[in-house]
Amino acid sequence: MKVQQPQIFRRWMLGWVLVALLVTACAPAAPGAPAAPEQAGAPAGEAVTRANTLIFAADMTDIITLDPAVAYEFGGILPVGNMYETLLSFPPGETELQPVLAESWDVSQEGDMWKLTFRLNPNAKFASGAPVTAEDVVFSWSRAIDINKSPAFLLTDVCQMTKENIRAVDAGTVELRIPGEASPSVCLSVLTFTVAAVVEKAAVEPNMGDDMGESWLNDHSAGSGPYVLDRWDRNVSVTLNANPNYWGGVTPAMKRVILQNMPEAVNRQAAIETGDADIIQDVGPEQVAVLEGNPDIKLVKALSTLLVYAAVNASMPPFDNPDARQALRYAVNYDNIITLLGGNGELVQEIIPIGFLGHTGKNPFKQDLEKAKELFAKAGVAEGTVIPFTVATGTAPGGVEWATIAASIQADLAQIGIDLEIQQLQQSELLTKYRAQELPMLLMNWGPDFPDPDGNATPFANYEARSLAWRNSWNDPQAIELSKQAARETDPAKRVELYAQLVEYVQNNGPYVMLYQPTQIYAVRNNVEGFVYDPNDTPSISLWLITKQ
Amino acid sequence: MTRFILRRLGGLVFVLFGVSIMTFFLAQIVPADPVAAALGTNAREAQIEAYRRQLGLDQPVVVQYVRYMGRLLQGDLGASIRTRRPVADDLRDFLPATVELTLAAMLVTILVGIPLGVVAALRRNTWIDAAARILALIGGAMPIFYVGLLLLGVFYRQLRWLPGPGRLDSTLQPPTTLTGLYTVDALLTGNWPVFTDALAHLVLPAITLGLYSTAVLLRMTRSSMLEMLGQDFVRTARAKGLSQRLVIGRHVFKNALPPILTILGVIFGSLLSGAVLTETIFNWPGIGRYATTSVTTLDYPAVMGVALVAAVIYPLVNTLVDIGYSVIDPRVRTN
């Protein structure tokens with residue numbers, strides 16, 4: 001039976017065609033269309049166009065705040081560090097402290113306390129135009145201590161700062177007193193971090209609400225940095241505008257910077273290829289292969305401050321015996337792991353990363369199975385011993401699966417009859433067990449909290465700090481004493497000497513097999529200049545130095 | 001009708017109670033510490049202790065549950081452990097994105113699935129029927145992530161006809177929030193450039209998400225229509241000399257509608273859960289992605305927030321479907 005197509009369906013079809021037409025009519029215009037030249041919230045002066053807008057795409061799922069007193073995630077520190085300034089900093093490529101808001105400072109001893117005196121730069125002013133005063137500094141540091149969120153321990157524990165010991169001597173001078181057992185060198189390094197950034201008291205105080213201004217600072221900025229906050233769309237993007245009143249002598253070329261949250265590597269790759277993004281972060285090994293041949297894109301390798309290591313529990317057999325720990329270090333094929341990383345990591349066998357004071361650059365271990373076998377025998381570890389080896393699911397820094405690195409180590413030990421039993425756990429679950437000192441052997445990574453060797457030496461060597469040495473049940477008086485002594489020393493040359501001793505001691509006695517320092521790869525469009533990544537600097541990317549042709 | 005709706009809403013309370021109990025106690029079984037996960041590798045033991053106390057996680061599980069329910073009854077979903085924001089604020093930010101995507105996918109499903117199913121049934125065994133069946137086969141067989149990547153590869157990266165992932169071009173500012181649906185808000189505020197851009201951004205994810213359900217609806221419509229076309233009353237209607245339009249529109253289609261409506265209710269639920277993957281592929285800032293992040297960081301107040309929202313939406317849609325029945329089928333009304 002042949003049925004005529006009824007009119008009602010013809011109308012349906014017509015509607016359908018109309019929808020399709022509407023879709024195709026608006027679609028082609030969208031991606032190629034230039035950005036609306038002037039939008040609400042655009043900075044005064046030069047109009048914002050795509051040409052002076054920088055789009056930076058990265059996985060920024062970790063951003064939870066834009067308040068400098070609270071921010072402690074990679075994603076959050078990038079915008080915060082570009083909106084707020086600290087008294088001093090390590091600018092890109094510098095290992096010595098440079099003045100920012102403070103034009104000079106000195107450290108002296110006063111009784112059993114250290115006195116740190118900072119003289120502020122009289123030209124320094126906030127984006128509002130008001131000058132940066134000692135009163136603002138005291139307010140900002142006291143606020144960070146009171147608010148007591150993730151990064152506050154840097155001020156209260158590491159610097160041992162208390163509110164009573166921060167004082168505005170006059171409008172341009174700040175005095176900070178810290179106890180004699182604290183380290184002024186470490187404290188100065190800590191003061192380069194965003195938690196010590198200066199917020200404008202007059203702007204924040206009226207908006208304190210019941211959370212000390214944290215939620216207000218999530219949608220407004222009150223800093224003196226080269227950028228100001230335009231808006232933060234949670235989980236989507238943070239938009240910064242150039243600060244038209246910036247006092248620091250440079251005018252940011254990028255009038256607007258959009259930090260785009262893009263968790264998927266494939267999407268980031270597409271964004272840089274199409275030019276939808278100017279810079280992308282975290283290019284994985286597979287993407288490197290594709291992007292390398294692209295004439296419009298350059299790849300920038302940036303060494304992180306992370307260290308990836310295997311660790312054992314020094315109170316559980318067989319690794320309660322130092323010889324067994326040393327045997328493990330001789331059993332691992334380090335070259336193999338570096339090869340796996342495909343150029344995304346540098347061999348580092350010590351607890352202080354490349355780029356830090358005290359890094360020795362010595363890599364004494366090379367796979368020597370005979371020696372490893374001998375040392376295991378000396379420690380009384382029989383062939384066929386089974387050791388549980390816990391690793392996280394997912395990717396390790398450097399872009400290789402944790403399980404792949406574990407398998408490589410497992411194969412090394414299998415050659416001398418030691419059976420590593422790989423057990424995979426979700427990172428948070430692994431961390432819970434590690435903190436509870438429950439894991440006989442594991443793979444992990446560590447990044448220092450502040451750009452000073454103490455940020456690694458204390459966690460790795462000092463059991464009393466209840467950090468890594470504690471998690472691995474390694475209570476070694478000599479390592480503890482050395483780490484304390486090195487932190488307290490103020491003479492840089494003597495510090496280097498002390499850290500060299502500590503590094504060597506931990507290298508040969510500690511519960512760690514230090515493996516590598518990963519690099520992070522950025523892809524940058526060819527017309528972008530001035531992109532520098534410096535892990536010691538806060539922020540690690542100085543957006544105001546970037547230009548576009 | 002009012003009693004029917006009230007009874008449905010009463011049932012909803014039990015569903016919510018069950019969901020809250022289940023998610024809460026499932027979170028307790030996971031052998032990991034959400035606080036340690038939120039504060040990261042470097043956090044000191046003292047910090048973790050302090051935050052745990054602050055959240056009340058040092059209390060016995062039952063006490064925690066009673067406190068949680070107490071707050072929930074006052075409409076407070078609690079604060080996310082990871083972001084420290086009220087979960088309600090997070091949901092308010094992310095839910096509209098998912099709703100917009102789901103509605104768009106629903107639109108694709110209905111606009112393509114029903115007409116194509118009807119035409120395929122009326123033109124049985126012609127090329128158009130064959131094409132419809134091939135579409136149903138492809139739509140039913142291709143996994144969402146593959147469709148998404150394929151569409152992005154072709155229409156965004158190669159042809160550049162449509163924009164890439166995200167809800168809006170990053171250089172555009174979202175429209176003033178009224179409903180949270182960008183297309184609707186842009187239209188209401190007369191923001192034409194944002195409307196076209198948001199609409200263009202919706203096309204690929206809506207097709208990706210809607211493809212499978214389009215296939216399901218197409219098959220259902222086709223078979224339901226075929227069944228009705230063979231019924232005696234259709235022959236009678238034709239014999240009465242009714243126009244083709246009236247026969248198909250009033251007799252065949254209307255009677256073929258109940259099973260289609262049922263399947264639409266089910267489809268809406270599956271679209272919501274399918275949105276998780278589509279949101280990941282298309283960098284869509286909805287509750288699917290929020291749920292994924294929350295689950296991997298063991299942020300159980302957030303997970304519970306999402307679960308409760310889903311638990312409300314699903315029965316709500318089913319109630320709407322039931323109401324829809326009574327509109328099209330008088331027998332349901334009298335019962």
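S.K.: How would you summarise the overall build of chain B if you had to cite specific residues and measurements?
M.R.: Scanning chain B from N- to C-terminus turns up 14 helices and zero strands. Secondary structure elements in chain B, listed N-terminal to C-terminal, are α-α-α-α-α-α-α-α-α-α-α-α-α-α. Taken along its principal axes, the extent of the C-alpha atoms in chain B is 85 × 55 × 40 Å. Residues counted as buried form 51% of the 335 residues belonging to chain B. A fraction of 71% describes how many contacts in chain B between residues 6 or more apart in sequence connect residues 24 or more apart. Carbon and sulfur atoms form 67% of the exposed surface of chain B, whose accessible area is close to 15600 Å². Across chain B, the 29 positively charged side chains and the 19 negatively charged ones have centroids separated by 11 Å.

S.K.: Please give an account of the overall build of chain A that cites residues and values.
M.R.: Assigned secondary structure in chain A consists of 19 helices and 22 strands. The C-alpha atoms of chain A give 27 Å as radius of gyration, which agrees with the globular expectation for 549 residues (24 Å, within 12%). Along the first, second and third principal axes, the C-alpha atoms of chain A reach 90 × 85 × 45 Å. Every one of the 549 residues in chain A was classed for burial, and the buried ones make up 57%. Partitioning the intrachain contacts of chain A with sequence separation of at least 6 by distance along the chain shows that 69% fall at a separation of at least 24. When the accessible surface of chain A is totalled, it reaches about 20800 Å², and 52% of it is carbon and sulfur. In chain A, 37 side chains carry a positive charge and 65 a negative one; their mean positions are 5 Å apart.

S.K.: Before we move on, could you go through empty space enclosed by the protein and cite the residues and values that matter?
M.R.: The full count for this structure, using the stated rule, is eight cavities of 30 Å³ or more. Taken as a whole, the largest cavity spans an internal volume of roughly 230 Å³. Forming the boundary of the largest cavity are 24 residues, of which Asp 233, Val 236 and Ser 237 of chain A together with Ser 170 and Leu 172 of chain B lie nearest the centre. Secondary structure elements with two or more residues in the lining of the largest cavity: strand E8 (227–233), strand E9 (237–242) and strand E10 (256–261) of chain A. Top element by residues in the lining of the largest cavity is E10 of chain A. It accounts for four residues.

S.K.: Would you mind going over the pattern of salt bridges in detail, with residue names and values included?
M.R.: Under the definition given, this model contains 32 salt bridges over all chains. The shortest N-O distance in the salt bridge between Asp 129 of chain B and Arg 133 of chain B comes to 3.4 Å. Highlighted residues: Asp 129 of chain B and Arg 133 of chain B, both in helix H6 (residues 127–141), separated by four residues, approximately one helical turn. Look at Asp 129 of chain B and you get buried, because its relative accessible area is 0%. Accessibility expressed as a relative area gives 43% for Arg 133 of chain B, which makes it partly exposed. Across the salt bridge formed by Asp 232 of chain B and Arg 235 of chain B, the nearest N and O atoms sit 3.8 Å from each other. With Asp 232 of chain B and Arg 235 of chain B both in helix H10 (residues 232–239), this residue pair falls three residues apart, about one helical turn. The class of Arg 235 of chain B is exposed, set by a relative accessible area of 60%. Connected via shared salt-bridge partners are Glu 110, Lys 115, Arg 167, Glu 175 and Arg 177 of chain A.

S.K.: Before we move on, can you summarise the confidence of the model for chain A with the specific residues and values?
M.R.: Detailed reading of the predicted coordinates is not advisable wherever pLDDT falls low. Confidence along chain A averages 90 in pLDDT terms, with 92% of residues attaining 70 or more. Averaged over each element, pLDDT in chain A is lowest for helix H2 (residues 29–32) of chain A (38) and highest for strand E11 (residues 279–280) of chain A (98).

S.K.: How would you explain the pairing of strand E20 (residues 512–525) of chain A if you had to name every residue and give the values?
M.R.: Residue and element names in this part refer to chain A. Among the 14 residues that make up E20, 14 are buried, leaving the element largely enclosed by the rest of the structure. Direction of pairing for E11 relative to E20: antiparallel, over a ladder of two bridges. Its bridge partner lying in E20, Ile 280 is registered against Ala 523. In terms of strand pairing, strand E12 (residues 297–303) meets E20 through seven bridges, oriented antiparallel. Among the inter-strand pairings, Val 300 is bridged to a residue of E20, identified as Tyr 522.

S.K.: If you had to explain the sheet that holds strand E4 (residues 102–110) of chain A to someone new, which residues and values would you point to?
M.R.: Residue and element names in this part refer to chain A. Read across the open sheet, the four strands follow the order E4-E5-E7-E6; overall the sheet is antiparallel. In this open sheet, the two edge strands, each paired with only one partner strand, are E4 and strand E6 (166–170). The mean angle between the axes of side-by-side strands here comes to 20°, regardless of whether they run parallel or antiparallel. Two strands pair when backbone bridges link them, and strand E5 (residues 113–120) and strand E7 (residues 173–179) are joined in this way by seven bridges, in the antiparallel orientation. The partner of Trp 114 across the bridge, within E7, is Ile 178. Across the sheet, helix H4 (residues 134–147) lies against E5, E6 and E7, angled at about 175° from E6, the strand it touches most.

S.K.: With reference to specific residues and values, describe the interface of chain B and chain A.
M.R.: Chain B puts 57 residues into the contact, and the matching count from chain A is 68 residues. Roughly 5800 Å² of surface becomes buried between chain B and chain A when both sides are summed, with 57% attributable to carbon and sulfur atoms. At the boundary of chain B and chain A, one finds three salt bridges. Between Glu 45 of chain B and Arg 435 of chain A there is a salt bridge, and its shortest N-O distance comes to 3.1 Å. In this structure, the connection of chain B to chain A is made through 16 residue pairs in polar contact (both at pLDDT 80 or more). Elements with a minimum of two residues in the side of chain B that touches chain A: helix H2 (34–39), helix H3 (45–55), helix H5 (87–122), helix H7 (144–158), helix H9 (192–229), helix H11 (244–281) and helix H12 (287–296) of chain B. Among the elements that make up the side of chain B that touches chain A, the one with the highest residue count is H5 of chain B (seven residues). In terms of residue class, the side of chain B that touches chain A is made up of 29 nonpolar, 14 polar and 14 charged.

S.K.: Mind laying out the packing of aromatic side chains, listing which residues take part and the relevant values?
M.R.: Inspection of every chain in the model, using the stated rule, returns 20 aromatic pairs over all chains. With centroids separated by 6.1 Å and ring planes inclined at 90°, the aromatic side chains of Tyr 72 of chain A and Phe 153 of chain A adopt a geometry described as edge-to-face. Here Tyr 72 of chain A, found in the loop between strand E1 (53–58) and helix H3 (74–83), pairs with Phe 153 of chain A, found in helix H5 (residues 152–158); they are 81 residues apart in sequence, far enough to count as distant. For the pair formed by Tyr 72 of chain A and Phe 153 of chain A, the shared burial category is buried. Among the aromatic side chains, those forming a connected cluster through ring pairs are Phe 24, Phe 25, Tyr 65, Tyr 68 and Tyr 300 of chain B. Above the ring of Trp 470 of chain A, the side-chain terminus of Arg 466 of chain A is found at 4.4 Å from the ring centroid. Here Arg 471 of chain A stacks its cationic end above the ring of Tyr 434 of chain A, 5.7 Å away from the centre of that ring.

S.K.: Quick one: what's the story with the side chain of Lys 255 of chain A, residue by residue and with numbers?
M.R.: Inspection of the secondary structure assignment puts Lys 255 of chain A in the loop between E9 and E10. Polar side-chain contacts of Lys 255 of chain A include one of 2.9 Å to the backbone oxygen of Pro 252 of chain A.

S.K.: Tell me what's going on with the nonpolar core, and back it up with residues and numbers.
M.R.: One finds Tyr 309, Ile 409, Leu 443 and Leu 515 of chain A to be the most contacted residues of the largest nonpolar core, which totals 72 residues. Discounting chain neighbours no more than four positions away, the residues touching Leu 443 of chain A are Tyr 309, Ala 310, Phe 389, Thr 390, Val 391, Trp 402, Ile 405, Ala 406, Ile 409 and Leu 515 of chain A. Formed by 64 residues, the second largest nonpolar core is a distinct cluster that contains Leu 91, Met 106, Ile 313 and Val 321 of chain B.

S.K.: Which residues make up helix H11 (residues 322–331) of chain A, and what values do they have?
M.R.: Residues and elements named next belong to chain A. A large share of H11 lies buried, amounting to eight of its ten residues. Listed in full, the buried residues belonging to H11 are Ala 324, Arg 325, Gln 326, Ala 327, Leu 328, Arg 329, Tyr 330 and Ala 331. Its side-chain oxygen placed 2.8 Å from the backbone nitrogen of Asp 323, Asn 321 serves as the N-cap of H11.

S.K.: Mind laying out the side chain of Arg 268 of chain A, listing which residues take part and the relevant values?
M.R.: Locating Arg 268 of chain A in the fold gives a position in helix H9 (residues 265–274). The buried charged residue Arg 268 of chain A lacks any salt bridge partner; its closest oppositely charged side chain belongs to Asp 282 of chain A, at an N-O distance of 4.8 Å.

S.K.: How would you sum up the pairing of E4 of chain A? Please name residues and give values.
M.R.: Residue and element names in this part refer to chain A. Where E4 and E5 come together, eight bridges link them in antiparallel fashion. Counterpart to Ser 104 in the pairing with E5 is Arg 119. Linking E4 to E5, which pair antiparallel, is a turn of two residues; within it Gly 111 sits at a positive phi near 65°.

The rules we used
- Residues numbered from 1 in each chain as written.
- Chains lettered and ligands numbered in written order.
- Predicted model: local features only at pLDDT ≥ 70, side-chain atom pairs only at ≥ 80, totals over all residues.
- Heavy atoms only, no water.
- Helix = DSSP H or I, 4+ residues; strand = E, 2+ residues; numbered from the N terminus.
- Buried < 20%, exposed > 50% of the residue type's maximum accessible area, 1.4 Å probe, protein only.
- Contact = heavy atoms within 4.5 Å.
- Areas by Shrake-Rupley, 256 points an atom, 1.4 Å probe, with all protein chains shown as cover.
- Lys, Arg positive; Asp, Glu negative; His and termini not counted.
- Charge placed at Lys NZ, Arg CZ, Asp CG, Glu CD.
- Rg over C-alpha atoms; globule rule 2.2 N^0.38 Å.
- 1 Å grid on protein atoms, 1.4 Å probe; cavity = no way out; pocket = protein on both sides within 12 Å on 5 of 7 lines; lining within 4 Å.
- Points joined across faces, edges and corners; volume = space filled by probe spheres on them.
- Salt bridge = Lys/Arg side-chain N within 4 Å of Asp/Glu carboxyl O.
- pLDDT = per-residue confidence, 0-100.
- Pairing = 2+ DSSP bridges.
- Axes fitted to C-alpha atoms, helices over the stretch in contact; angles between N-to-C directions.
- Buried area = accessible area lost by both parts, 1.4 Å probe.
- Polar contact = N/O pair within 3.5 Å; in protein donor to acceptor, adjacent residues only side chain to side chain.
- Nonpolar A, V, L, I, M, F, W, Y, C, P; charged D, E, K, R; others polar.
- Phe/Tyr/Trp six-rings, centres within 6.5 Å; stacked < 30°, edge-to-face > 60°.
- Lys NZ or Arg CZ within 6 Å of the ring centre and 35° of its normal.
- Core = buried A, V, L, I, M, F, W, Y, C linked by side-chain atoms within 4.5 Å.

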